[in-house]
Structures are given as C-alpha cells and as structure tokens.
Number of protein chains: 2
Amino acid sequence: MVIPENPFAHYTPRPLEIVDTTLREGQQTSLLHDYGKYFFPPEDKQEILQALILYGVKFVELFAPVVSPREAEDFEVLKAARDALIPQRGYTFLLAHVRAHPADVEAAIQAGFDGLNMYMGTSPQSRTYNHGKALDEIARRARSLLEDLRRNHPHLILRFSGEDAFRTPLDDLYRVYDEVAPLVDRLGMPDTVGVATPSQVSERVGALHARYPRTALETHFHNDRGFALLNALRAVQAGAQYVNTTVLGIGERSGITSLTALLFNLFVDGCYDHLEGYHLRASYPLNVLLADKLKTLVPFQEPVSLTNRTHTAGVHQGAVLRHASVYEAHPLELFGVSERDTLLGPLSGWNMIHYFLREIHYFDLDEATARRITRRFKAVVYEQTAEHSPAEVLLRLAEEEFNLRRRVETPPSQAPAIIQHWQVDAHPHTPSITVP
Amino acid sequence: MVIPENPFAHYTPRPLEIVDTTLREGQQTSLLHDYGKYFFPPEDKQEILQALILYGVKFVELFAPVVSPREAEDFEVLKAARDALIPQRGYTFLLAHVRAHPADVEAAIQAGFDGLNMYMGTSPQSRTYNHGKALDEIARRARSLLEDLRRNHPHLILRFSGEDAFRTPLDDLYRVYDEVAPLVDRLGMPDTVGVATPSQVSERVGALHARYPRTALETHFHNDRGFALLNALRAVQAGAQYVNTTVLGIGERSGITSLTALLFNLFVDGCYDHLEGYHLRASYPLNVLLADKLKTLVPFQEPVSLTNRTHTAGVHQGAVLRHASVYEAHPLELFGVSERDTLLGPLSGWNMIHYFLREIHYFDLDEATARRITRRFKAVVYEQTAEHSPAEVLLRLAEEEFNLRRRVETPPSQAPAIIQHWQVDAHPHTPSITVP
C-alpha cells in the first residue's frame, strides 16, 4: 500500500487546535451503557464527524484499528466521509489513539491514518501495576519506535504522551520527553485520572512549554474532581496549543473537557484569537446532535445549552419578561442558542401567567384577572400534574372556570405546550466584534 | 403567635457551614419539567430534609410561604419532620428565602422559620430593569427592615444578600453592606447569573472579609460558565464560612455548586477542618436519593458517583483487574461509593472477558480460550445489542458456540446482568486519618 503524503506538512496550526475525541474517548462513556446503546453505529459516527468538520475542528481522534474489526471498518467509512466533504483533502486530520506497540502502530499506518496519538503510562502506578517497565526502558522503546516512524513515514503527525502525566514526577516526565521531543509534532500532557488542579496545570504546562519551546503541547483533562473545563482554560493560557475535547464532555468516568464549554469560555474571556476558524453558532446544534445520538438531553451543566436560557422561578420569569439581561449574562445566541424558554409551572408568578394567556394563547384578560387565575392555578396545579402538564391545567382553568375567551382562534396543534419560546432579541452585552 | 427563642444563639458555627438549598433553588431546575415531575411532593421533601440533617447539614433554605399555599403547607410538614428527628430541637435551622418586602418577611416569621435569607437586587441590571430602585433607597429600606427585625425578633438568623453581587460594582455593594452589616448574622455574595471567575471570587470574598471582619460571609455560585464548584472552593479559601449548595448541583439554569462535589474536593485538598460534622460516607447515597426523586441518573459529571469507579475501555479494565489505582486516583469509598463497575461491552478486552466468564459466571476456561471468545464477541456484539445486552451475547457465545460448561450452577436470578460489581478493597491512597 502506498502511503500518500500527509498534507499536514502544508498546514499552519492555529493558536488553538481542538483535538476532538468524541468518537474515541467519548465512546468510553458509561452513558452508552446506561441508555442501552453500547456504541455509536457508523451512521452516527459519520454524522458526528461531518458536524465536527463543519464546526472547524481540524484534528479528530479515533480508536486504533486493533480495538475491534468493527472500529477498523468504521475508519474506512469515516475517511471516505471526510474526503467527500473536503474535496481538496487534508484539512481535517484523522488520528489514531495507539499504544506504543509496533503492531498497533503498524495497523494504524496501514489503515491510512494521518497521524498517531501515541501513549504509554509513565506514572509510578502505571509502571508498577500495569506494564511493569522502568523509565529508561519506556524512553528507549518510545525513542526507537519514533525514530523508525520518522524515517519511514516522515509525513505522519506524531504525538507522544506519558499517560497519567500529572501523577508522573516532573523529572520522570523530562527523562522520557527529552528523548522523544525532537521526534514528535506534539507532546501530550494527559491528566488520565483527573487529579490535576488549575494551579498545577499552569505550573506544569508552563514548565514543559519552557523546556520544549519548539514542540507543541497537547492536553487532556479528566473531570473526576470537576475541574476538566478550568484545567483546559488554564492550559491554553499557559501555552498549550492543542486541547482534547469531546462534545458534551462525555468520556470514561466523569468525562473530559466539553468542546463548546471551552470555546464559550474563551469567548467570554475575550480570547478571540483562539477562536479563529470555529463556527461558534453551530455550538448548540452540535450539542443537540450528540445528545440525540445518546438518547438523552444536553446535560444541565453544559454552558452552551437552552437550559442556560430557561427560567422557572417566578421572580426570574417576571424580570426576564421586562429585560432578559436581569437573569441572563452571556451572549449565548452567538453560540446558536436562538431561543429562550420559560417553563410554566408551580413556581410561575402572575406576570408569566398573564403573558402566557394573553400573548401566547390570545386570551382577553387584565392583570387583576391574571392575579386571580394565578391564585387558583397554584391551588390546583400540584394535584393535577400527574395527568396534565401545568400549561394544560392553566388553559382549562382559564376557559372553564374563568370563562375567558380567545381573541383569535388558534388551532390546538399550533399552541405551544409546556414550553413557550420567543426569539432572543439583541443582547445588551454582545461585544461589538465579528465572530467567525 | 408566640415566637420561640431561636437556639441559634447557643450554636457555635463550624469552620464550614453548608446552607443547602435543594428544596428551594433545586426545585427551580428544569429537570423537574423535563421529566414531567414539576415539583417535589411533600413526601420527597421530607425524605430529602431528613437525609440532609443526617448528613450533618445545619442550615436548610426553603421557599418563602408567599410562593404558594402549597409551599406554605409543606413547611409545616418539614418543620415537624425536623423536630421529630431532633428531639432537642434547633440543630438544623430552616431558613426562608425572602425578598426584602415587609409582607414576605412577616409571612415567613409567622410561619415559624428560624431565619431569613433576605435578598434584593443591587446590580445595575436589577436596578434598571427589575425593581427600579436607586442604591440609597435599597440601603435605606434594607436597613429599616433589618432594624425592625432585630428589635422585634432578636433571635432570628438574618442574612442580607445583594442579589447579582458579582455584577454589582464593589463600591455599590459597600454602600449597601456598610448599612446592614451590623444588623445581620451573614452577608451574602450570590453570583446569581454565573459570571464570576475563581480569581474574581478570591479577590472579592477577600475584600469583603477584610471590610466586615465580624460578619460571616455566605456565597452562592451559579454554574453558567461551569465554574460553580471551583468558585465555591475559592470562596472557602478566601474566608467564606457559609456556602450554598444543592444535592447534585441542581438549580435554575445550569444549577449551582454540588454539595458532595464541594466536600469531596475539600477532602482531596486535605482541608479536614472544614469537614467537621459531615457524614461523608452518606455522600453517594444522598446523590442516589435525589437522582431517584428526579427520575434520572446521578449525572456523569458528579465527582461522587459510581460513574467515577466505572471502567469501559479495554485497557482500563485490564489494568483495574490488576490494580485499581492505575485508573482510580481518589478514595471514593470514603464517600459511600462502595462498589466498582466494569461495563462489559464492545470495548472490553480479553482479560475482562476472561474475568467475567471465569470469576462471575464460573465457567472453566483458560486465557487462550478467552482470547478466542473475545475475537468472536467483537465480531458479533455490534449486531446483537438491539435485542440483547453485551453480557447476554457473551454468555450465549460461551455456552452455545464454545460449549463451555460452568463449574458451579448459579440460579439465573443471581447472575449479574450487564454490570459486574465487586467490593472495593482498601485504597492505596486512603489517607490515614479518621473521617467523621
């Protein structure tokens, strides 16, 4: 098989390169088991890859072909999808996540990957209980494997990572990285077990950046402590150019850094140069796409979500009806959250109920009536939600008990049910810059 | 109505006092709408309150009675449940979340709350678009209301919060807090719209701590940027003694700081003095209780979760079978996560399959056979999971295709299905301290 020249030689990396690993690390989420799905079928993978490419992601990590024959076949499908979407080829690079074993590496090269995200455990835990190799042997093996690769496949993108790098003493990491740094495009800094704190990230990424100034750094943060997002932001500040993410932050255990949460926070912090080439308005659709594939909702903790424009408390709803900025601080419309929700329920106040009946359902009523209906609604809604949504309870009250009539008849199919949407108006805090 | 003396006068607050607001802020989560539940019925509330009390939480925030007649009635139930659990009374204080309106305040006092978490918007957004009051008027109203309260109800626990405090210029906050600080037990610092960063939290909490050294500070962080956990940790470091949390971090929009995530991280950081009186081993059961009430799973992002001891990738499963510490860094068993899961699925390797068949299902097989079965399993599991779990696929393969026989017959009802549990052994990283 002829290995074609890799167009990475002609690509100038941007200030921030996302290495998205939704289709590798993300497939390790227990959610796929919780929802009885177990894996992403090739159609799903293809759709996710296409969405990532259109979003502006240039590096996508996949399983090595040795993981299973199915993963090997799927790579053919994904490569074809990538090539079909990018006729000029080469602008999104497909990388194999491989152990530093010659056989695994060879299979990935034969399959036609553009590069290798190679790893080997360097922490005392990995060395003692997993592969059992000493540091010198790790350094020697990695160096020899990488020398061969550089000689025989000079255009392959190469990363080497000391797995569990944040439990590896810095001197041990230097011992290995000093050997491999001249041979790779990137050195990885994975926090495999989620122990790193933001200040440790600043310190360690800064130290590696100073020691290997000509080699790009790539980071990968697990969320075991809940720090994966902050750690990635700190890594970018400290000079990491490549950051591993997944859509929604899914992954083994508590997952890793969420792609859209990272870019959203860089935007809020005004780091616009790091957002070059990312299609930010596609952020929320991308999150919805993945949630749909997982058969779940966009998690409520995800910053780029409709949840973050959803208001349930009466005082919030009342204020947001007057001016959204009172309870919304961030320009989420630039990230594709184009609507706003107020959830009609037991906590809604008279102003929301007035708005809902008058503006959405065209009832004729004044504020005093809205206040009276609200008192009745709060008296009965708690008993009736087992069979009816709060909106149904309210509409029945209005028509049957208060004899309210609609000014305009709307067909029931057009009437919004529980959730009421309205268009997001120009946000007072939108910075006056042009976003890619 | 006679207002009994509040035992808070005889209570010495601990270094960290959780003010849990699952039953107030938590009820504002959109998850209650997403799962068609809308509110916590009184039985649920009672169970959650009892769990919080047993966990060691001494301050629980509830809705003010004005929110609805139902919330007012529920308070009677909760107060009775508290009193039944604590015969000597007074060791968990029930606080009403009230607007700084005389009528709201009066209703809460009449209902018999132990204290008031009073708030009024101080940010420019609140003042301009919500209540429309100038700073001087806010300060004057708050001061006069609090003076009356101190005079007429000297034993009431009082907090005053400038709502949206992190969008309020510091001088504006001082303008109001200088007036009220001598009158309250605590000054609140709510990040109502989730704009604060960890460094801003350190700075601002530090500044207030220096200006009001005799008044305790209480913080409340929303998760719109994903920083609610880190911000709370920083606030504790900077001198905040009271922190608002909810179980699982639920709340309006992306929620607030998770109770167990906060305590878990303080433990990992060695801040043992802040954990005085919290029953940490009840952390995971508390999370499961709330997830069950919400009809959902413990979120994968929650640090205190079985997810964080769940392994899906083949290399992780293989290593964890040898020694858990390779892919588990934290002593979660001290937080009640007493089991470990490995999810048998397409990513499992031969060592996991060998373990599953031999140790769990008592089949007689050697490693070479396990490797052959694994190849077949990976060839067929992708096609069969629509009707069967991966474990069912594997057991059929073993019995029907490989003719393996069990050494011991186990009744099918005892055979674990998808998930395989085993007891967590003593963790090599467990610090040798005694935890309350």
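### Focus: the interface of chain B and chain A
And then number 1: The interface is formed by 86 residues belonging to chain B together with 86 residues belonging to chain A.
And then number 2: Approximately 7200 Å² of surface area, both sides summed, lies buried where chain B meets chain A, with 57% of it carried by carbon and sulfur atoms.
And then number 3: Contact with chain A buries area across many residues of chain B, yet Arg 225, Phe 300 and Tyr 382 of chain B alone supply 11% of it, more than any other trio.
And then number 4: Where Asp 269 of chain A meets Arg 225 of chain B, a salt bridge forms, and the shortest distance between an N and an O atom there is 2.8 Å.
And then number 5: If you look at where chain B meets chain A, you find 31 residue pairs in polar contact (both at pLDDT 80 or more).
And then number 6: Listed by contribution, the elements that provide at least two residues to the side of chain B that touches chain A are helix H1 (31-34), helix H3 (69-85), helix H5 (124-129), helix H9 (228-237), helix H10 (259-268), strand S9 (310-311), helix H12 (314-322) and helix H14 (367-384) of chain B.
And then number 7: Here the side of chain B that touches chain A is built from residues that sort into 37 nonpolar, 31 polar and 18 charged.

### Side note on the relation of the copies chain B and chain A
And then number 1: Between the two copies, chain B and chain A, the superposition gives an RMSD of 0.0 Å; the rotation angle is 180 degrees and the shift along the axis is 0.0 Å. The operation mapping one copy onto its partner corresponds to a two-fold rotation axis.
And then number 2: Comparing interface residues between copies, 100% of those in chain B also sit at the interface in chain A, which points to an isologous, same-surface contact.

### Some words on the domain arrangement of chain A
And then number 1: Assigned domains within chain A: domain 1 (7-257) and domain 2 (309-423).
And then number 2: For domain 1 of chain A versus domain 2 of chain A, the separation of C-alpha centres amounts to 47 Å.

### Some thoughts on the pairing of strand S2 (residues 59-63) of chain A
Residues and elements named next belong to chain A.
And then number 1: For S2, the buried fraction is high: five of the five residues fall into the buried class.
And then number 2: For strand S1 (residues 17-20) and S2, the ladder comprises two bridges, and the chain directions are parallel. Its bridge partner being in S2, Val 19 is matched across the sheet by Phe 59.
And then number 3: In this sheet, strand S3 (residues 93-99) lies alongside S2 in parallel orientation, the contact comprising five bridges. The partner of Leu 62 across the bridge, within S3, is Ala 96.

### Considerations on the packing of aromatic side chains
And then number 1: Within this structure, the stated rule accounts for 28 aromatic pairs over all chains.
And then number 2: Centroid distance Phe 39 of chain A to Tyr 382 of chain B: 4.7 Å. Interplanar angle 70 degrees. Geometry classified as edge-to-face. Here Tyr 382 of chain B lies in helix H14 and Phe 39 of chain A lies in the loop between helix H1 (31-34) and helix H2 (42-55), a pairing that spans two chains. Assigned by exposure class, Phe 39 of chain A and Tyr 382 of chain B land together as buried.
And then number 3: Between Phe 59 of chain A and Tyr 242 of chain A the ring centres are 5.4 Å apart and the planes differ by 70 degrees, which places this aromatic pair in the edge-to-face class. Separated by 183 residues along the polypeptide, Phe 59 of chain A in strand S2 and Tyr 242 of chain A in strand S8 (residues 242-245) bring together distant segments of the chain.
And then number 4: The residue whose ring lies beneath Arg 211 of chain A is Tyr 174 of chain A, and the NZ or CZ to ring-centre distance is 3.9 Å.
And then number 5: One cation-aromatic arrangement involves Arg 14 of chain B over Tyr 278 of chain B; the distance from NZ or CZ to the ring centre is 4.3 Å.

### Some points on the sheet that holds strand S5 (residues 157-163) of chain A
Two orientations exist for strands paired in a sheet by backbone hydrogen bonds: parallel and antiparallel.
Residues and elements named next belong to chain A.
And then number 1: Spatial strand order, S1-S2-S3-S4-S5-S6-S7-S8: eight strands in a closed barrel with parallel pairing. Averaged over all pairs of adjacent strands, the angle between strand axes in this sheet comes to 25 degrees, irrespective of strand direction.
And then number 2: This element, helix H10 (residues 259-268), spans S1 and S8 of the sheet and lies at about 165 degrees to S1.

### A few points about the pattern of salt bridges
All names here are of chain A.
And then number 1: Taken as a whole, this structure holds 68 salt bridges over all chains when the rule is applied.
And then number 2: Where Arg 14 meets Glu 17, a salt bridge forms, and the shortest distance between an N and an O atom there is 2.9 Å. Comparing Arg 14 with Glu 17, the two get one shared label, buried.
And then number 3: Among the ionic pairs, Glu 179 bridges to Arg 143, the shortest N-O distance being 3.6 Å.

### What about the side chain of Lys 58 of chain A?
Residues and elements named next belong to chain A.
And then number 1: When you line up the elements, Lys 58 lands in the loop between H2 and S2.
And then number 2: One buried charged side chain, Lys 58, makes no salt bridge at all; its nearest oppositely charged neighbour is Glu 17, positioned 7.3 Å away.
And then number 3: In contact with Lys 58, other than residues within four places in its own chain, are Tyr 11, Arg 14, Glu 17, Ile 18, Tyr 91, Thr 92 and Phe 93.

### Let's talk about the packing of helix H13 (residues 350-360) of chain B against helix H15 (residues 390-401) of chain B
Residues and elements named next belong to chain B.
And then number 1: In the contact formed by H13 and H15, the axes pass within 11 Å of each other and the chain directions differ by 70 degrees. Looking at the two axes, H13 sits roughly perpendicular to H15. On H15, the residues that touch Ile 353, Phe 356 and Leu 357 of H13 are Ala 391, Leu 394, Leu 395 and Ala 398.
And then number 2: Classifying every residue of the contact of H13 with H15 by side-chain character gives seven nonpolar, no polar and no charged.

### Observations regarding unusual backbone geometry
And then number 1: Of note, the phi angle at Leu 248 of chain A is positive, near 70 degrees, even though the residue is not glycine.
And then number 2: Position of Leu 248 of chain A among the secondary structure elements: in the loop between S8 and H10.

Rules behind the numbers
- Residues numbered from 1 in each chain as written.
- Chains lettered and ligands numbered in written order.
- Predicted model: local features only at pLDDT ≥ 70, side-chain atom pairs only at ≥ 80, totals over all residues.
- Heavy atoms only, no water.
- Contact = heavy atoms within 4.5 Å.
- Buried area = accessible area lost by both parts, 1.4 Å probe.
- Salt bridge = Lys/Arg side-chain N within 4 Å of Asp/Glu carboxyl O.
- Polar contact = N/O pair within 3.5 Å; in protein donor to acceptor, adjacent residues only side chain to side chain.
- Helix = DSSP H or I, 4+ residues; strand = E, 2+ residues; numbered from the N terminus.
- Nonpolar A, V, L, I, M, F, W, Y, C, P; charged D, E, K, R; others polar.
- Least-squares fit on C-alpha atoms with pLDDT ≥ 70 in both.
- Domains from an automatic or database assignment.
- Buried < 20%, exposed > 50% of the residue type's maximum accessible area, 1.4 Å probe, protein only.
- Pairing = 2+ DSSP bridges.
- Phe/Tyr/Trp six-rings, centres within 6.5 Å; stacked < 30°, edge-to-face > 60°.
- Lys NZ or Arg CZ within 6 Å of the ring centre and 35° of its normal.
- Axes fitted to C-alpha atoms, helices over the stretch in contact; angles between N-to-C directions.
- Lys, Arg positive; Asp, Glu negative; His and termini not counted.
- Parallel < 35°, antiparallel > 145°, perpendicular 65-115°, else oblique.

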